[in-house]
Amino acid sequence: MPEGSNDELVSRGASALMDVLIRAGLVVVLALLCYRVFSPFLTLIAWSLILAITLYPAQQSLARRMGGRQGLAATVLVLAGIVLIIVPTAVLLSSMGDSVRQLIANVQSNSLQLPAPRESVAQWPIVGKKVFAIWTQAHDDLPALVQSMQPKIGNLARTALGAVAGIGGAMLMFLAAIIIAGIVMAFGEAGSRAMHAIFVRVIGPARGVEFAKLSTATVRAVAQGVIGVAFIQAIIVGVCLLIAGIPWAGVLSVIVLVLGIAQVPAIIVSLPAIIWLWTRGDQSTTAGIAYTVLLLVAGMADNVLKPLMLGRGVDAPMPVILIGALGGMATAGILGMFVGATLLALGYQIFMGWVAASPKPAD
């Protein structure tokens, strides 16, 4: 081949390579710019998709009863979610915030008065004498006790107000997410086809649809493992509170439901109920111990319920879903619970598919 032809081929190859690199660079820059624009809404959109995937079967069932009106069914679900979750939670948070602010104001003005402790408080197991001494000091000279614990009380008050503000912000995001989820559900069929097309394009026609269904089932299973477990535990705690004779059992069970959805342990409701039970002191020691054990078991029932419900309806072992959910929650909070479980389920299926496709050893 003439030397001039070789130089021409090299020149053409270099020019083609330069074109490819420039185009790839432009695509990367475009992707980074799109991510930068979209990143403030990433968490909101992720929650919207999770809610839409979880509620879509209920929306379809409701739409069939409404003559196929997808938009109307989605609107009804959104309004029901706002009424059943957002409004009661907002009222509870407002009351909690007012109580915390009033407590801080009373402490600062030395106008807070505590009743004298009963003698039965000193009989509490392990911590009774210490609690009785601190309570007595608070009753006799609360300003001195507050002064001695000022740094701790200030930090605790700031933490409490910060927690209330954080939960309030999360509820606002949830409100926006459920509205967007309603819009997504109204166009659910087109969204489902688009999602299947994306999975087929990325993974291939052989397993694309299968992985799309697996992702959907995993998100719904985790939602059932969170919301379903919270609902069941709220009922268990409410029944135990009624058995123990704790007042406002219905309100406390609603609080347990909200906390369970937020992945806050129900034990923080059970423990104050146990303390009130022992403070009242109008039951025998045997009954008090029995009610205490009952409330402790009810407060920790989610540790048993989650492994039973997290993996239902998913073509992956329950430990895989549970580990993915727990690892994702430890890494990225509640949202990471769904992402972690879905990623680990997909990874498990890919790995097991690769194992199954390996050539058999020769005899």
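Worth saying up front: this structure is predicted, and the values here are computed from it rather than measured.

Draft legend 1. Representation of the overall build of the chain within the structure. When helices and strands are counted, the chain shows 13 helices and zero strands. Starting at the N terminus, the α and β elements of the chain follow one another as α-α-α-α-α-α-α-α-α-α-α-α-α. Going through the 363 residues of the chain one by one, you find that 30% of them count as buried. Once local pairs closer than 6 in sequence are excluded, the contacts in the chain between residues at least 24 apart make up 66%. Accessible surface computed for the chain: about 22,100 Å², of which carbon and sulfur atoms make up 72%.

Draft legend 2. Structural detail: the side chain of Q233. Structurally, Q233 can be placed in helix α8 (residues 208–244). On the basis of relative accessible area, Q233 is assigned to the buried category, the value being 3%. In this view, Q233 contacts V256, A266, A298, G299, M300, A301, D302 and L305; residues no more than four positions away in its chain are not counted.

Draft legend 3. The nonpolar core, seen in detail. Grouped together as the largest cluster of nonpolar side chains are 30 residues, with contacts concentrated most on W47, I50, M185, V222, I321 and F338. Breaking this core down by element, the ones donating at least two residues are α2 (42–65), α3 (70–108), α6 (150–186), α8 and α13 (318–356). Of all the elements, α13 adds the most residues to this core, at eight residues.

Draft legend 4. Quick peek at the environment of V76. Mapped onto the secondary structure, V76 falls in helix α3. Each C-alpha atom, one on V76 and one on A63, is 9.9 Å from the other, the two residues being 13 residues apart in sequence. Those residues in contact with V76 that sit more than four places away from it in its chain are L62 and M66.

Draft legend 5. Focus on the packing of α8 against helix α11 (residues 285–299). Running from amino to carboxyl end, α8 crosses α11 at an angle of 170 degrees, the nearest separation of the two axes being 9 Å. The orientation of α8 with respect to α11, classified from their angle, is roughly antiparallel. Note on element contacts: α11 touches α8 through Y291, L294, L295, A298 and G299, opposite Q233, I236, V237, C240, L241, I243 and A244. Tallied by class, residues from the contact of α8 with α11 come to 10 nonpolar, two polar and no charged.

Draft legend 6. How the structure looks around the packing of α2 against α8. Contact pair α2 / α8: the axes reach a minimum separation of 9 Å and the direction vectors enclose 85 degrees. With respect to α8, the element α2 is oriented roughly perpendicular. Seen from α2, the contacting residues are I50, I53, T54, Y56 and P57; seen from α8, they are T216, V219, R220 and A223. The residue inventory of the contact of α2 with α8, partitioned by class, reads six nonpolar, two polar and one charged.

Draft legend 7. Expanded view of helix α7 (residues 188–203). With 16 residues, α7 extends 22 Å between its outermost C-alpha atoms, agreeing within 8% with the 22 Å of an ideal straight helix rising 1.5 Å per residue. Positive backbone phi, at 115 degrees, marks G204, one or two positions downstream of α7.

Draft legend 8. Inspection of α11 at higher detail. In a regular helix each residue adds 1.5 Å, so 15 residues correspond to 21 Å; α11 covers 21 Å between its end C-alpha atoms and thus fits that length. Those residues of α11 that sit buried are G288, T292, L295, A298 and G299. Considered in projection along α11, the buried side chains sweep an arc of 130 degrees and stay on one side of the axis. Among the exposed residues of α11, those oriented more than 90 degrees off its buried face are T286 and V297.

Draft legend 9. Seen up close, the environment of S48. Among the structural elements, S48 can be located in helix α2. In this structure, the C-alpha to C-alpha distance between S48 and A177, residues 129 residues apart in sequence, is 4.5 Å. Residue contacts for S48: discarding those within four places in its chain leaves A177, I180 and A181.

Draft legend 10. Inspection of the side chain of T292 at higher detail. Its location among the elements puts T292 in helix α11. Filtering out sequence-adjacent residues up to four positions away, T292 remains in contact with I274, L277 and W278.

Draft legend 11. Main features of the environment of L305. On the secondary structure map, L305 appears in helix α12 (residues 302–309). The exposure class of L305 is buried, given its relative accessible area of 15%. Separated by 72 residues in sequence, L305 and Q233 have C-alpha atoms that sit 8.4 Å apart. When sequence neighbours within four positions are dropped, the list of residues in contact with L305 reads V229, I232, Q233 and I236.

Basis of the calculations
Residues numbered from 1 in each chain as written. Predicted model: local features only at pLDDT ≥ 70, side-chain atom pairs only at ≥ 80, totals over all residues. Heavy atoms only, no water. Helix = DSSP H or I, 4+ residues; strand = E, 2+ residues; numbered from the N terminus. Buried < 20%, exposed > 50% of the residue type's maximum accessible area, 1.4 Å probe, protein only. Contact = heavy atoms within 4.5 Å. Areas by Shrake-Rupley, 256 points an atom, 1.4 Å probe, with all protein chains shown as cover. Core = buried A, V, L, I, M, F, W, Y, C linked by side-chain atoms within 4.5 Å. Axes fitted to C-alpha atoms, helices over the stretch in contact; angles between N-to-C directions. Parallel < 35°, antiparallel > 145°, perpendicular 65-115°, else oblique. Nonpolar A, V, L, I, M, F, W, Y, C, P; charged D, E, K, R; others polar. Expected span 1.5 Å × (residues − 1). Arc of directions from axis to C-beta.

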